[in-house]
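Given next are the chains, with one letter for each unit.
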Amino acid sequence: MTIYILMQLKIRCISGIGCTLRLSRKVNVDFVVMYDIAKWTDTKLDPTKKTDDIRTAWGYNPTIEYYPFNDLNLRFYANWVGRIYDYSDYATSRFKATDTQNGRFSIGIAAPLGIF
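Residues numbered from 1 in each chain as written. Predicted model: local features only at pLDDT ≥ 70, side-chain atom pairs only at ≥ 80, totals over all residues. Heavy atoms only, no water.

## Side note on the overall build of the protein
(1) Moving on: Looking only at helices and strands, the protein features 2 helices and 5 strands.
(2) Moving on: Secondary structure elements of the protein occur, N-terminal to C-terminal, as α-β-β-β-β-α-β.
(3) Moving on: The buried share among the 116 residues of the protein stands at 28%.
(4) Moving on: Of the roughly 8300 Å² of accessible surface on the protein, 60% is carried by carbon and sulfur atoms. (Helix = DSSP H or I, 4+ residues; strand = E, 2+ residues; numbered from the N terminus. Buried < 20%, exposed > 50% of the residue type's maximum accessible area, 1.4 Å probe, protein only. Areas by Shrake-Rupley, 256 points an atom, 1.4 Å probe, with all protein chains shown as cover.)

## Comments concerning the packing of aromatic side chains
(1) Moving on: The final tally for this structure, using the stated rule, is 4 aromatic pairs.
(2) Moving on: Arranged with centres 6.0 Å apart and planes meeting at 45°, the rings of Tyr 35 and Trp 58 form a pair that is tilted. Here Tyr 35 is found in strand 2 (residues 27-39), whereas its partner Trp 58 is found in strand 3 (residues 53-66), with 23 residues between them in sequence.
(3) Moving on: On the basis of relative accessibility, which here comes to 34%, the residue Trp 58 falls in the partly exposed class.
(4) Moving on: Through a chain of ring-to-ring contacts, the aromatic side chains of Trp 40, Tyr 90 and Phe 95 assemble into a single cluster.
(5) Moving on: A cation over an aromatic ring shows up here: Arg 22 above the ring of Tyr 67, its NZ or CZ 4.9 Å from the ring centre. (Phe/Tyr/Trp six-rings, centres within 6.5 Å; stacked < 30°, edge-to-face > 60°. Lys NZ or Arg CZ within 6 Å of the ring centre and 35° of its normal.)

## Some remarks on unusual backbone geometry
(1) Moving on: Here Lys 96, not a glycine, exhibits a phi torsion of approximately 60°, which is positive.
(2) Moving on: Relative to the elements of secondary structure, Lys 96 occurs in the loop between helix 2 (89-94) and strand 5 (100-110).
(3) Moving on: On the basis of relative accessibility, which here comes to 64%, the residue Lys 96 falls in the exposed class.

## Focus on a nonpolar patch on the surface
(1) Moving on: The grouping of Tyr 66, Phe 76 and Ile 109 at the surface amounts to a nonpolar patch, some 300 Å² of accessible area in total.
(2) Moving on: For Phe 76, the position within the fold is in strand 4 (residues 75-87).
(3) Moving on: For Phe 76, a relative accessible area of 36% gives the class partly exposed. (Patch = residues over 30% accessible without salt bridge, like charges linked within 9 Å, V, L, I, M, F, W, Y side chains within 5 Å. Salt bridge = Lys/Arg side-chain N within 4 Å of Asp/Glu carboxyl O.)

## What about the confidence of the model for the protein?
(1) Moving on: Here the protein averages 82 in pLDDT, while 85% of its residues score no lower than 70.
(2) Moving on: Of all secondary-structure elements in the protein, the lowest mean pLDDT belongs to helix 1 (residues 2-7), at 36, while strand 5 reaches the highest, 96.
(3) Moving on: Taken together, the stretch residues 1-14 has pLDDT below 50 and engages in 25 contacts with residues farther than four places along the chain or on a different chain. (pLDDT = per-residue confidence, 0-100. Contact = heavy atoms within 4.5 Å.)

## Let's talk about the pattern of salt bridges
(1) Moving on: For the structure shown, the criterion picks out 3 salt bridges.
(2) Moving on: Salt-bridge contacts for Asp 36 lead to Arg 55; the nearest nitrogen and oxygen are separated by 3.1 Å. With Asp 36 in strand 2 and Arg 55 in strand 3, this residue pair connects regions lying 19 residues apart in the sequence.
(3) Moving on: Given the relative accessible area of 14%, Arg 55 is considered buried.
(4) Moving on: Here Arg 75 and Glu 65 are joined by a salt bridge, their closest N and O atoms 3.4 Å apart. Of this pair, Arg 75 sits in strand 4 while Glu 65 sits in strand 3; the two residues are 10 residues apart in sequence, bridging distant segments of the chain.
(5) Moving on: Classification of Glu 65 by relative accessible area gives buried; the value is 9%.

Below, the structure is given as structure tokens:
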């Protein structure tokens, strides 16, 4: 039952805002913020619900990149991807959803593939 109800959610992305700051020729800093709202507009499955709101989510992604070479598009990066989920009172009582915060730290190397 829960899987079917969750498939009925209509999720739309409201905004994603980012900014990039080039500190030097070799160091780049990015910060991206995302905002998302989940609403459930179908009243046939649960006629007792009084609101369409299910969840509000925020995401944030600070990144630092280092370009060690001037003539090669190779970069090393480190970033944090964080998410904050804030569920409505309806979602916490009906679906037993709990507000959560999670994230992950990533490091890596990125370079374009020169196959074309």
